[in-house]
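Next come the chains, spelled out residue by residue.
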Amino acid sequence: MTMREECKEYFEKISEYLDGELDSETCEKIECHLRECPECLHCFESLKRTAEICRSLPREKIPEDVEQRLKDKLKGFLSKDAAKSFDL
Amino acid sequence: MNLVKTDSTDHQLIEQFRNGSPEAMEKIVERYEESIFNFGLRMCGQVQDAEDIMQETFLNALRSLHNFREETKLKNWLFRIAANACLRKRRKKKFELERELSLESLMPGAGSEAKFDIPSLSPDPDSELLRAELRDVINDAVSSLPPKYRMVFSLRDVEGFDTEETAQILGITSQAVKTRLHRARLFLRKKISEHYRGE
Ligand SMILES: [Zn+2]
């Protein structure tokens, strides 16, 4: 099964539509098409859900040793810097 | 002229740092280290690489914060440094080939069925296992994105920068951001759906 030409045109714009980056005229055209094309509706909705679940991924915590080494590095740098005095 | 709405806490911390307070830098690090670390992890895959990127980012920031004019938000500025650190690291390692994702290959019906099975997020605490599975599936899918698409996806969908900001951070056009983001999402949808269809 391949996409119809008309659907292809909308297919390219799904993300911009979801991100609210299209003008209202284009949005209306898309919404009108979605009402009569179940394939495109599924395509839009499944992409929307993809973006949503990806956005909701929890962040990893920084391992303690990694965090400690960063602090040490910065401290080392700051004390060197202080020795030179802030005269930039 | 574009007036940037700087975060007032950041602005104060930058001022304090310029006036000689090292604690201000510590606070800046505390505010952004987790997102920079996760960005590095997503872009490079290894904790060691993410650590290098985080250190390089904050050391560079420390060196040039005196000259930072706040023409952009502090977070954007830090991510620009981090993104450059990622690019340098990848160039050094040459471990991933950059490849293009064509729109045709991501169209429904191209090599797969036109239906996509994307699970929705259930707030049900009993589904902890399903959530863990979904997290692994997404992480795998993200790490298989070609780097330039992963970069845009990370900034836009994970960090929440808008198109214009992402373009500035990466030094590419807004159109390139939009194109890469769209293809990244299409790619992720395909990968996630393949997993849940048992393909
Ligand atoms: Zn259609």
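In the block above lies the structure referred to throughout.
Residues numbered from 1 in each chain as written. Chains lettered and ligands numbered in written order. Predicted model: local features only at pLDDT ≥ 70, side-chain atom pairs only at ≥ 80, totals over all residues. Heavy atoms only, no water.

With 42 residues, the main nonpolar core has Phe39, Phe58, Leu65 and Leu74 of chain B as its most contacted residues. Mapped onto this core, the elements with two or more residues apiece are helix 5 (64–84) of chain A together with helix 1 (8–18), helix 2 (22–44), helix 3 (47–64), helix 4 (74–93) and helix 6 (147–158) of chain B. Contact partners of leucine 74 of chain B, with chain neighbours within four places excluded, come to Asp10, Ile14, Ile28, Tyr32, Leu65 and Phe68 of chain B. Within the second largest apolar cluster, 35 residues are counted, among which are Leu103, Leu106, Met107 and Phe153 of chain B. (Core = buried A, V, L, I, M, F, W, Y, C linked by side-chain atoms within 4.5 Å. Buried < 20%, exposed > 50% of the residue type's maximum accessible area, 1.4 Å probe, protein only. Helix = DSSP H or I, 4+ residues; strand = E, 2+ residues; numbered from the N terminus. Contact = heavy atoms within 4.5 Å.)

All names here are of chain A. Cys7 (SG), His33 (NE2), Cys37 (SG) and Cys40 (SG) make up the full set of protein donors to the zinc ion, lying at 2.1 to 2.3 Å. Coordination geometry of the zinc ion: the four donor atoms subtend angles of 101 to 114° at the metal centre, consistent with an arrangement described as tetrahedral. Counting gaps between the donor residues of the zinc ion yields the pattern C-x25-H-x3-C-x2-C. The exposure class of cysteine 37 is buried, given its relative accessible area of 2%. (Donors = N, O, S within 2.8 Å, 3.2 Å for Na, K, Ca; no water. Tetrahedral: all angles 85-135°; square planar, octahedral: opposite > 155°, others 65-115°.)

Our focus in this paragraph is the pattern of salt bridges. Applying the stated rule across the entire model yields 22 salt bridges over all chains. A salt bridge links glutamate 67 of chain A to lysine 71 of chain A, with the shortest nitrogen-to-oxygen separation between them at 3.6 Å. With glutamate 67 of chain A and lysine 71 of chain A both in helix 5 and four residues apart, the pair spans about one turn of that helix. With a relative accessible area of 39%, lysine 71 of chain A lands in the partly exposed category. One salt-bridge network, in which partners are shared between bridges, spans Asp19 and Arg55 of chain A together with Arg156, Asp157 and Arg185 of chain B. (Salt bridge = Lys/Arg side-chain N within 4 Å of Asp/Glu carboxyl O.)

Purely spatial values, then, with no claim about function.
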